[in-house]
Structure formats: structure tokens, C-alpha cells
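What follows is each chain in one-letter form.
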Amino acid sequence: MAQHADVPKLSFQYWLDKAVEWGQTTTLESQQDVCLQLPKLQEFLQQIYESLKHMNSTTAVQRFPLIGQLLGRLCWNPFVVGYDESQKTLMWCLCCLYSNEPQNPVELKANSWIL
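Report on the accompanying structure.

Rules used throughout
Residues numbered from 1 in each chain as written. Predicted model: local features only at pLDDT ≥ 70, side-chain atom pairs only at ≥ 80, totals over all residues. Heavy atoms only, no water. Helix = DSSP H or I, 4+ residues; strand = E, 2+ residues; numbered from the N terminus. Rg over C-alpha atoms; globule rule 2.2 N^0.38 Å. Buried < 20%, exposed > 50% of the residue type's maximum accessible area, 1.4 Å probe, protein only. Contact = heavy atoms within 4.5 Å. Areas by Shrake-Rupley, 256 points an atom, 1.4 Å probe, with all protein chains shown as cover. Lys, Arg positive; Asp, Glu negative; His and termini not counted. Charge placed at Lys NZ, Arg CZ, Asp CG, Glu CD.

## Let's talk about the overall build of the protein
Logical step 1: Summing up its helical and strand segments, the protein has 7 helices and 0 strands in all.
Logical step 2: When the helices and strands of the protein are placed in sequence order, the string is α-α-α-α-α-α-α.
Logical step 3: Rg of the C-alpha trace for the protein: 14 Å, near the compact-globule value of 13 Å for 115 residues, within the 12% margin.
Logical step 4: For the protein, the C-alpha atoms occupy an extent of roughly 45 × 30 × 25 Å along the three principal directions.
Logical step 5: Counting every position in the protein, which comprises 115 residues, the buried fraction comes to 39%.
Logical step 6: Residue pairs in contact within the protein that sit at least 24 positions apart in sequence constitute 64% of those at least 6 positions apart.
Logical step 7: Working note: accessible area of the protein is about 6,800 Å², and carbon and sulfur atoms make up 57% of it.
Logical step 8: Placing the 8 positive and 11 negative side-chain charges of the protein at their respective mean positions leaves the two points 5 Å apart.

Just geometry here; none of it tells us what the structure is for.
Set out below in C-alpha cells:
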């Protein structure tokens, strides 16, 4: 599980701030920014996925408390989900957060949101 160290916590805040910014404006500049940032975002999402696939959803939320907000905002951005690679990786991340047999309120809430 050494992959956990590969995802810097500061990056979560950076990408959440970007996702909020992108969601609040629909200017040409913000659309261009999304497109310019997609390769870096894809790399970050891949790092998240590599960490998430080794955790259950409760551990993931404890380790990365902003994960739900970040993935949720990215899922609503048409430029992010319009890019096949980021859409695919977003779905992989969401699948990692889904619990077949939820054991606690965190897992129940994650399942509800994912569905």
C-alpha cells in the first residue's frame, strides 16, 4: 500500500478549488483552463485511483476527506467527463468508493451518492 504516499494532500485542495472555480463560471477562459489542465488532472485522478483500489470506502473518506466533493464536482463538469480518459478514471474512483455491503453511515452515504 505504498501508493498512499503518492497522492499529496495539497493536491486535493488544489483540484477541489479548480473544480469549484470551473463550476462557478462558464466563460471561455474557464473552459480553456479546464482543457489545459486535463492532462494534469488525469494524472492526479490516476494517482487517486491507484490509492483507492487498495482501500474500502470508509478508509478512503478518512484518508481523503475531500474525495466526495472533488469527484462530485468533476462528474458535473462537461469538459472533464467529455474527455474519455478522465471520465473512465472518475468512474473507476467511484467504483472504489462503492460498498457492496455497507457497514456504516459513511458507506451508506457514499453508496447513495454514487448511485
